[in-house]
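Residue strings, one per chain:
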Amino acid sequence: MATETASWIERFEGLKRLPEDLKQALVAGSQIVSVPAGTQVFEPGQSADALLLLLEGTVRVQQKSDTGREVFLYRVHAGESCVLTTACMLAFEDYSADGIAETDVRAVAIPRATFDDLAGRSSLFREFIFKAYSRRITDLFTLIDHIVFQRMDVRLAARLLELADETNVVHATHQALGTELGTAREVISRTLAEFQRRGWVEQARGEVRLVGRSAIERLARSAGER
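The rules behind each value
Residues numbered from 1 in each chain as written. Predicted model: local features only at pLDDT ≥ 70, side-chain atom pairs only at ≥ 80, totals over all residues. Heavy atoms only, no water. Helix = DSSP H or I, 4+ residues; strand = E, 2+ residues; numbered from the N terminus. Buried < 20%, exposed > 50% of the residue type's maximum accessible area, 1.4 Å probe, protein only. Contact = heavy atoms within 4.5 Å. Areas by Shrake-Rupley, 256 points an atom, 1.4 Å probe, with all protein chains shown as cover. Pairing = 2+ DSSP bridges. Axes fitted to C-alpha atoms, helices over the stretch in contact; angles between N-to-C directions. Phe/Tyr/Trp six-rings, centres within 6.5 Å; stacked < 30°, edge-to-face > 60°. Parallel < 35°, antiparallel > 145°, perpendicular 65-115°, else oblique. Left-handed = near helix turned anticlockwise from the far one by under 90°. Nonpolar A, V, L, I, M, F, W, Y, C, P; charged D, E, K, R; others polar. Disulfide = S-S within 2.5 Å. UniProt positions renumbered as here; feature names shortened; annotations may be inferred. Core = buried A, V, L, I, M, F, W, Y, C linked by side-chain atoms within 4.5 Å.

As named in an unreviewed UniProt entry, the chain is Crp/Fnr family transcriptional regulator, taken from Roseibium aestuarii.

Shown next, in the form of structure tokens:
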């Protein structure tokens, strides 16, 4: 277990370059945690007490509007950290969104004391934090651009391609896809009905099969041609 605990640092490019004494401090001051699928990892109003670095699984981060509509913000995948957690820890703010484990998750939890200590002692650790932060902020600006300027059929096509498994099946309800794209379930249903009319998809309860993947890819690519 000691070897496994220490080896997780090698999975994060920015941490591999830390000097040996700081690697040891990081390992000693953190722990590996497991979270089952469906668990709420954090919620609005909760304090950010530890930075999570994902080793396995995905965490979906979403925000609920005043009207109750859920808007998908981003996913945290293995090898990544959560930008919202980073921002809350740096600013000593509470969470303003929900983080939900989409799958079983294994992660490294770096408590605030260890986080603050290494951020103060190591420029390499600070670089690791802020590089991950800047990448995700760029992603969020892209999301805003898509919501404001991109057609819904193009956005849905791109998201279907992103979510499809190796058999070209997306396991998601219309409501879940609406949450992903920040729109109403009815809008997703109408758009998927049009995709089905064109022969691009087949639908069953809780899933969408991409039978015309090349056409969907062409539509998704058209976003860059506007």
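Here we take up the overall build of the chain. The secondary structure content of the chain amounts to 10 helices and 10 strands. Counting all 226 residues of the chain, 42% fall into the buried class. Counting only contacts in the chain whose residues sit at least 6 apart along the sequence, the fraction spanning at least 24 positions is 68%. Approximately 11,800 Å² of the chain is accessible, and the part contributed by carbon and sulfur atoms is 51%.

Further remarks concern the sheet that holds strand 8 (residues 169-170). One open sheet accounts for three strands, arranged 8-10-9; its pairing is antiparallel. Of all strands in the sheet, those with a lone pairing partner are strand 8 and strand 9 (201-204), marking the two edges. Those strands touched by helix 9 (residues 185-197) are strand 9 and strand 10 (207-210), and its axis lies near 125 degrees from that of strand 9.

Tallied over the full model, the rule gives six aromatic pairs. Between the aromatic rings of Phe42 and Tyr95, the centroid separation amounts to 4.0 Å while the plane-to-plane angle is 5 degrees, which identifies the pairing as stacked. On the criterion of sequence distance, the pair formed by Phe42 in strand 2 (residues 40-42) and Tyr95 in the loop between helix 4 (83-91) and strand 6 (98-101) is long-range, its members being 53 residues apart. On the basis of relative accessibility, which here comes to 7%, the residue Tyr95 falls in the buried class. Look at Phe125 and Phe128: their rings are 6.4 Å apart centre to centre, the planes differ by 35 degrees, and that puts the pair in the tilted class. Here the residue Phe125 and the residue Phe128 both occupy positions in helix 6 (residues 123-149), the gap between them amounting to three residues, near one helical turn.

A word on the packing of helix 7 (residues 152-163) against helix 10 (residues 213-221). Running from amino to carboxyl end, helix 7 crosses helix 10 at an angle of 125 degrees, the nearest separation of the two axes being 8 Å. Of the possible angle classes, the one that applies to helix 7 and helix 10 is oblique. Remark: the crossing between helix 7 and helix 10 carries left-handed chirality. Note on element contacts: helix 10 touches helix 7 through Arg213, Ile216, Glu217, Leu219 and Ala220, opposite Asp153, Val154, Ala157, Ala158 and Leu161. Here the residues of the contact of helix 7 with helix 10 sort into seven nonpolar, no polar and three charged.

Quick look at the side chain of Thr58 now. In this structure, Thr58 sits in the loop between strand 3 (50-56) and strand 4 (59-64). According to the relative accessible area criterion, Thr58 is buried, its value standing at 15%. Excluding its chain neighbours within four sequence positions, the residues that come into contact with Thr58 are Val76, His77, Ile100, Ala101, Glu102, Thr103 and Val105.

The next subject is the state of the cysteines. Considering all chains together, one arrives at zero disulfides under this definition. Just so you know, Cys82 is unpaired, no disulfide at all, and the nearest cysteine sulfur is the one on Cys88, 8.0 Å from it. For Cys82, a relative accessible area of 6% puts it in the buried group. Looking at Cys88, the relative accessible area reads 4%, which means it is buried.

Contact pair helix 3 (residues 20-28) / helix 5 (residues 112-121): the axes reach a minimum separation of 10 Å and the direction vectors enclose 165 degrees. With respect to their mutual orientation, helix 3 and helix 5 come out roughly antiparallel. In this structure, helix 3 crosses over helix 5, and the sense of that crossing is left-handed. Contacts between helix 3 and helix 5 involve Asp21, Leu22, Ala25 and Leu26 from the former and Thr114, Leu118 and Arg121 from the latter.

What follows concerns the UniProt feature "domain: HTH crp-type" (unreviewed entry) in the chain. Mapped onto the present numbering, the UniProt feature "domain: HTH crp-type" (unreviewed entry) falls on residues 150-214. As annotated, residues 150-214 comprises 54% helix and 15% strand, and the C-alpha atoms at either end are separated by 20 Å.

What follows concerns the nonpolar core. Counting residues in hydrophobic clusters, the biggest one holds 36 residues, and the most contacted among them are Trp8, Leu15, Leu26, Leu53, Val61, Leu84 and Phe125. For this core, the secondary structure elements donating two or more residues are helix 3, strand 3, strand 4, strand 5 (70-76), helix 4, strand 7 (105-111), helix 5 and helix 6.

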